[in-house]
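Below are the chains, spelled out letter by letter.
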Amino acid sequence: MNQQIRVRFAPSPTGFLHIGGARTALFNWLFARHYKGVFVLRIEDTDRNRSTDEYMNLIIQDMKWLGLDWDEGPFRQTDRFDIYRDYANRLIQAGKAYYCCCTTEELERKRQLAIAAGLPMKYDGKCRDLKKPPSNIPAAIRFKMPKEGQTIVNDLVKGCVIFDNSQIEDLVIVRSDGTPTYNFVVVVDDIDMNISHIIRGDDHLNNTPKQIHIYEAFSSKMPQFAHLPMILGHDKSRLSKRHGATSVLAYKDMGYLPEAIVNYLARLGWSHGDQEIFTKDEMVNFFSIENIGKSAAVFNPEKLLWLNSHYIIRSDSERLAELVIPFLINKGIIESDKDIDLKWLSKAINLLKERAKTLDELANSLNYFIADSIEIDPKIAQKFLMPQSIKYLIELKNALLSLDDFSSASIEKIFNTLAESYSLKLGAIAQPVRVAITGGTASPGIYELIEIIGREKTIDRLSKVIEQKIT
RNA sequence: GGUCCCAUCGUCUAGAGGCCUAGGACAUAGCCCUCUCAAGGCUAAGACACGGGUUCGAAUCCCGUUGGGACUACCA
């Protein structure tokens, strides 16, 4: 391809950036980066009732968080109304569009009639041959679609798709209030921004023939189309709030890493042989539209969770320490980021990261590292803190108190000596200690755990248990 | 209703007519490792929607059926 590759992602700011949108953005980004092309971000906010600046900013923030950087934009369609007006006028002057003064009520009535009669609900073209525009009533502008023939969409993903022009109605391109509509502005913008490849969800496939005619009306170079299959919920219906978290932001808040989401999304509809784990560079290198599947994919949160734990395990503990702080604050485990020694926190995370699937889980298990005092579930206490276990706890406490080198290696020696002297399995001592120190039965290795929690807290927690059980 | 798209394990997918006794991954189960929980390793179970063609040969090509999805706005 010698022509400059230019693609765009065009979200409408009527909600959060959702999983499907993020994947569309990712595929466009991947395509642009692979071919060293240009990635444009365009905000489609022509629906003024539903679009908000808050959503727009959130979408931009999420794109950045995912690492999907763009080269041009963000452009806002509401800033470009003059351009659309100009394009619409050109169509009117060329006789390729016309004013329509049918009322919404009239249109709705005809639509109901058509449904009742089992006919296609198509605009009947009443105003198509109107000689001059009505001056007193507000009129919309409709595009004149061809009535006969066929339109072929040569889609890079779906292949050749043929539409009968008789199915296509004269669509409204400018509303009676003067604002332009979606199917018109996308085309105008894509022409104006010189977009070479349109990669979007296949819910737009049926719009494509209409858009092709608009391109033709402007004698514009036709872009290539690539329609991505949809992402579905577990019940195979369109992914929506009913299926749980669907926004990128929600996953961020649940403690997912951006690279996990990106990797997961990349494998939803695209593949490179059997490979599951990709660095961003690999994705960019390997990405190709040819390897995009045609069928819809069910969103599988379990696999995303697996990828997240994969990336957490392999992340630097220092990085995780920074990322987990908001979660710690949120849970009230720390007051502010000044309350915590990052180096120490990284050491604790080093022990915990292969056990946490999300940053949220990581923060939860960090609680017994940080808290002044911990709670022990009475049931667990009853099972593990038996009188004979208390005896070991006392001995351990004394040994720990007189330990010069408070390291996991030395601590391990204490445990081994203790186990040997009572001819016990390690677990018989380790489990009661674990319960006393963490309040639960699952934790990282006990020696490392004690080392990082430190002498003071360890002794304190052991003492508390011992006191309680003796009295 | 009309138009369009889609169809391999529960899920994501590999598969470009013989390399397929259909491969990998998530999830599930078992085993190993082990101070617990994880992580890791090994193993198991699990799919070509159905029916017709084409072909010496079909998961792969064609047609139909069924099932799912999208669109059908003065929403995007």
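Residues numbered from 1 in each chain as written. Chains lettered and ligands numbered in written order. Predicted model: local features only at pLDDT ≥ 70, side-chain atom pairs only at ≥ 80, totals over all residues. Heavy atoms only, no water.

K.L.:
I keep staring at unusual backbone geometry and nothing clicks. Help me out?
P.N.:
One can expect most non-glycine residues to show negative phi and most peptide bonds to be in trans. Residue P74 is bonded to the preceding G73 through a cis peptide linkage, with omega at 5°. Relative to the helices and strands, P74 resides in strand β3 (residues 72-76). For S219, which is not glycine, the phi torsion reads 50° and is therefore positive. With respect to the helices, strands and loops of the structure, S219 is situated in the loop between α6 (208-217) and β10 (224-228). Residue class for S219 comes out exposed when judged on its relative accessible area of 66%. Phi at S423 is positive, roughly 50°, even though this residue is not glycine. For S423, the position within the fold is in the loop between α16 (408-421) and α17 (426-438). (Helix = DSSP H or I, 4+ residues; strand = E, 2+ residues; numbered from the N terminus. Buried < 20%, exposed > 50% of the residue type's maximum accessible area, 1.4 Å probe, protein only.)

K.L.:
Teacher, can you tell me more about the pairing of strand β7 (residues 159-164) here?
P.N.:
Residues in a regular strand project their side chains so that they alternate between the two faces of the sheet. Bridge count for strand β6 (residues 150-155) against β7 is six bridges, and the pairing is antiparallel. From the neighbouring strand, T151 faces β7, where its bridge partner is F163. Once β6 ends, the chain turns through three residues before running back antiparallel as β7. (Pairing = 2+ DSSP bridges.)

K.L.:
Just to check I follow, could you spell out the sheet that holds strand β4 (residues 97-100) for this structure?
P.N.:
Each strand in a sheet pairs with another by means of backbone hydrogen bonds, the pair being arranged parallel or else antiparallel. As summarised here, the arrangement of the three strands in space is β4-β5-β8, forming an open sheet in which the pairing is antiparallel. Edge positions in the open sheet fall to β4 and β8 (172-174), since each of these has one partner strand only. Across this sheet, the average inter-strand angle for adjacent strands is 45°, counted without regard to direction. The pairing of strand β5 (residues 140-143) with β8 spans two bridges and is antiparallel. When the sheet's bridge partners are listed, R142 is paired in β8 with V172. Along the sheet, helix α3 (residues 81-93) makes contact with β4, β5 and β8, crossing β4 at roughly 100°. (Axes fitted to C-alpha atoms, helices over the stretch in contact; angles between N-to-C directions. Contact = heavy atoms within 4.5 Å.)

K.L.:
For this particular structure, what's the right way to read the protein's contact with RNA strand B?
P.N.:
Taken together, 63 residues lie near RNA strand B, and D47, R175, G269, E354 and S443 sit nearest. Within 4 Å of the protein, the atoms of RNA strand B are drawn from sugar and phosphate moieties in a proportion of 70%. Q167 places a polar side-chain atom, nitrogen or oxygen, 3.2 Å from a sugar or linking oxygen of RNA strand B. One nitrogen or oxygen atom from the main chain of V298 is found 2.9 Å from a phosphate oxygen belonging to RNA strand B. (Near = heavy atom within 4 Å. Polar contact = N/O pair within 3.5 Å; in protein donor to acceptor, adjacent residues only side chain to side chain.)

K.L.:
Looking at this structure, I do not really get the packing of aromatic side chains. What am I missing?
P.N.:
For any two aromatic rings, the description comes down to two numbers: the centre-to-centre distance and the angle of the planes. Inspection of every chain in the model, using the stated rule, returns 15 aromatic pairs. Relative to F369, the ring of Y368 lies with its centre 5.2 Å away and its plane at 25°, an arrangement referred to as stacked. One exposure class covers both Y368 and F369, and it is buried. Among the aromatic residues, ring-to-ring pairing joins F27, W270, F278, F286 and F287 into one connected group. In this arrangement the basic side chain of R23 is found over the ring face of F27, its NZ or CZ atom lying 5.3 Å from the centre. We note R142 situated over the ring of Y123; from NZ or CZ to the ring centre the distance is 3.5 Å. (Phe/Tyr/Trp six-rings, centres within 6.5 Å; stacked < 30°, edge-to-face > 60°. Lys NZ or Arg CZ within 6 Å of the ring centre and 35° of its normal.)

K.L.:
Even after reading the chapter, I still don't get the confidence of the model for chain A, so can you show me in this structure?
P.N.:
It should be kept in mind that the predicted coordinates are not to be read in detail where pLDDT is low. Looking at chain A as a whole, its pLDDT mean stands at 92, while 98% of the residues score no less than 70. The complex prediction reports pTM at 0.94, with the ipTM value standing at 0.95. (pLDDT = per-residue confidence, 0-100.)

K.L.:
Looking at this structure, how should I read the sheet that holds strand β2 (residues 38-43)?
P.N.:
Across the sheet, three strands lie side by side as β1-β2-β3; this open sheet has parallel pairing. Single-partner strands in this sheet number two, and they are β1 (6-9) and β3. The sheet shows a mean angle of 25° between the axes of neighbouring strands, direction not considered.

K.L.:
I keep staring at the nonpolar core and nothing clicks. Help me out?
P.N.:
For soluble globular proteins, the rule of thumb is that nonpolar side chains tend to be buried together. Counting residues in each nonpolar core, the largest one holds 106 residues, and the members touching the most others are M63, L345, L366, F369 and L400. A per-element tally of this core places helix α1 (residues 19-34) first, with nine residues. In contact with L366, not counting residues within four places along its chain, are V324, L328, L345, A348, I349 and L352. The next biggest cluster of nonpolar side chains, apart from the first, holds 34 residues, and it includes V38, F184, M193 and F225. (Core = buried A, V, L, I, M, F, W, Y, C linked by side-chain atoms within 4.5 Å.)

K.L.:
Just to check I follow, could you spell out helix α13 (residues 359-370) for this structure?
P.N.:
Because an α-helix packs 3.6 residues into every turn, residues spaced three or four apart end up facing the same way. The end-to-end C-alpha distance of α13 is 16 Å, a good match for the 16 Å that 12 residues give at a rise of 1.5 Å each. Those residues of α13 not exposed but buried are L359, L362, A363, S365, L366, Y368, F369 and I370. (Expected span 1.5 Å × (residues − 1).)

K.L.:
Which parts of the structure should I look at to understand a negative patch on the surface?
P.N.:
On the surface, a cluster of negative charge is contributed by D404, D405, E412, E448 and E451. Its location among the elements puts D405 in the loop between α15 (387-401) and α16. D405 gets classed as partly exposed once you look at its relative accessible area, which sits at 44%. (Patch = residues over 30% accessible without salt bridge, like charges linked within 9 Å, V, L, I, M, F, W, Y side chains within 5 Å. Areas by Shrake-Rupley, 256 points an atom, 1.4 Å probe, with all protein chains shown as cover. Salt bridge = Lys/Arg side-chain N within 4 Å of Asp/Glu carboxyl O. Lys, Arg positive; Asp, Glu negative; His and termini not counted. Charge placed at Lys NZ, Arg CZ, Asp CG, Glu CD.)

K.L.:
For this particular structure, what's the right way to read α15?
P.N.:
The first and last C-alpha atoms of α15 sit 21 Å apart over 15 residues, in line with the 21 Å expected at 1.5 Å per residue. Buried within α15 we find S389, I390, Y392, L393, L396 and L400. Buried residues of α15, seen end-on, are gathered within an arc of 155° and therefore sit on one face of the element. (Arc of directions from axis to C-beta.)

K.L.:
Just to check I follow, could you spell out the side chain of T358 for this structure?
P.N.:
Along the chain, the position of T358 falls in the loop between α12 (342-352) and α13. Of note is the side chain of T358, whose polar atom sits 3.0 Å from the backbone nitrogen of E361. Leaving out residues up to four positions away in the same chain, T358 has contacts with M254, G255, Y256, L305, N308 and I312.

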